[in-house]
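Examination of the molecular architecture
Below, each chain spelled out in residue letters.
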Amino acid sequence: MKIGVFGGTFNPPHRGHNLLLKEISKQEHFDKIIIIPSNMPPHKNVERNDPAQRMEMARLAFPEYEVSDIELRRGGKSYTCDTLAELKKQYPEGTLCLICGSDMFKTLPKWRSPERIFQLAQVVTAARDKRDQWRLRLAKLWYRLRYGAVCRIVKLDPIVISSSEIRLSGLEGEDISQWVLPDVYEYIVKNGLYR
C-alpha cells in the first residue's frame, strides 16, 4: 500500500495546496492519502485561530481524502518524525510518502531527526520552474548521499500564493475568495477569520 502523507499548518488551506496534491497524486498513484493539520508547528507561529478550526478547514479543502487529527491528539509541538513513526505502526506494510512543497523540501535537514524521516518515508516534492528544479535535484542528491533517502521531484506549474499572504490580505480587507475553495471561504467568513 502506497500512502501519501501531506501535513501542514493549513492556516488556511489554499488552492496551491490542492494543486500540489493533485499533480503529485497523478504521478505517484497513491492507494491512500492522509492530510495532517499540525497542532503546533515548531517553525511557525500559528495565530488567529485554533487547531480545531484549521482541522475543519482541511476537511473542507480536501473532502476526497482522509484528514487525520493524529497531531492534534498528540498535543504539543508537531514533529514529522513522530507522526511518521506513529503512521508506520498503523501501516507496518505500507510505503509512506511524505509530500512537501519545494521550500520545505530544501529545509528537511533542519527538521527534528531528518535521518529518521528519510528512514520512515520516501519524500515527494514539486519543482516550480527550471531554477527550482536544479536546486531540488541538488538537495535530492545530497539527501541520498547523506541519509540514503529516496526522493522524487514532480514538475508543477504552481499557483503562487501562501497562507500567510492570504491571512494578510484578509486582515487588509481584500477579497481572498479566489485563493481558497468555496467551502473553505464560507467557513472563513462564517467564523470571522483573518479580519
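Refer to the structure presented above.
Since the model is a prediction, treat every value here as computed from it, not as a measurement.

With that settled, the discussion passes to the overall build of the protein chain. Looking only at helices and strands, the protein chain has nine helices and six strands in total. What you see for the protein chain is a C-alpha radius of gyration of 16 Å, in line with the 16 Å of a compact globule of 195 residues. In terms of principal-axis extent, the alpha carbons of the protein chain reach across some 50 × 40 × 30 Å. Burial status across the protein chain gives 47% buried among its 195 residues. Within the protein chain, contacts between residues at least 6 apart in sequence are counted, and of these 76% link residues at least 24 apart. Accessible area for the protein chain stands at about 10,300 Å²; split by element, carbon and sulfur atoms hold 49% of it. Of the side-chain charges in the protein chain, 31 are positive and 24 negative, and the distance between the mean point of each set is 7 Å.

Moving on: the environment of Asp69. Structurally, Asp69 is set in the loop between β3 (66–67) and α3 (70–74). You can call Asp69 partly exposed: its relative accessible area is 29%. Spatially, the C-alpha atoms of Asp69 and Ser169 are 28 Å apart, while their sequence positions differ by 100 residues. Among the polar contacts listed, one links the side chain of Asp69 to the side chain of Arg73, at a separation of 2.7 Å.

Looking now at the pattern of salt bridges. Within this structure, the stated rule accounts for nine salt bridges. Between Glu28 and Lys2 there is a salt bridge whose closest N-O contact spans 2.9 Å. One end of the pair, Glu28, is in helix α1 (residues 15–28); the other, Lys2, is in strand β1 (residues 2–8), with 26 residues separating them in the sequence. Of the residues examined, Glu28 reaches a relative accessible area of 6% and is grouped as buried.

This next bit is on the nonpolar core. Core analysis: the largest hydrophobic core is formed by 31 residues, its most contacted members being Phe6, Ile24, Ile35, Phe62 and Ile188. Secondary-structure elements contributing two or more residues to this core are α1, β2 (32–37), α2 (51–61), β4 (95–99), β5 (121–127) and α9 (182–190). Not counting residues within four places of it along the chain, the set of residues in contact with Ile188 comprises Pro12, Met57, Ile176, Val180, Leu193 and Tyr194. The next biggest cluster of nonpolar side chains, apart from the first, holds 29 residues, and it includes Leu84, Tyr91, Phe118 and Ala127.

Conventions and cut-offs
- Residues numbered from 1 in each chain as written.
- Predicted model: local features only at pLDDT ≥ 70, side-chain atom pairs only at ≥ 80, totals over all residues.
- Heavy atoms only, no water.
- Helix = DSSP H or I, 4+ residues; strand = E, 2+ residues; numbered from the N terminus.
- Rg over C-alpha atoms; globule rule 2.2 N^0.38 Å.
- Buried < 20%, exposed > 50% of the residue type's maximum accessible area, 1.4 Å probe, protein only.
- Contact = heavy atoms within 4.5 Å.
- Areas by Shrake-Rupley, 256 points an atom, 1.4 Å probe, with all protein chains shown as cover.
- Lys, Arg positive; Asp, Glu negative; His and termini not counted.
- Charge placed at Lys NZ, Arg CZ, Asp CG, Glu CD.
- Polar contact = N/O pair within 3.5 Å; in protein donor to acceptor, adjacent residues only side chain to side chain.
- Salt bridge = Lys/Arg side-chain N within 4 Å of Asp/Glu carboxyl O.
- Core = buried A, V, L, I, M, F, W, Y, C linked by side-chain atoms within 4.5 Å.

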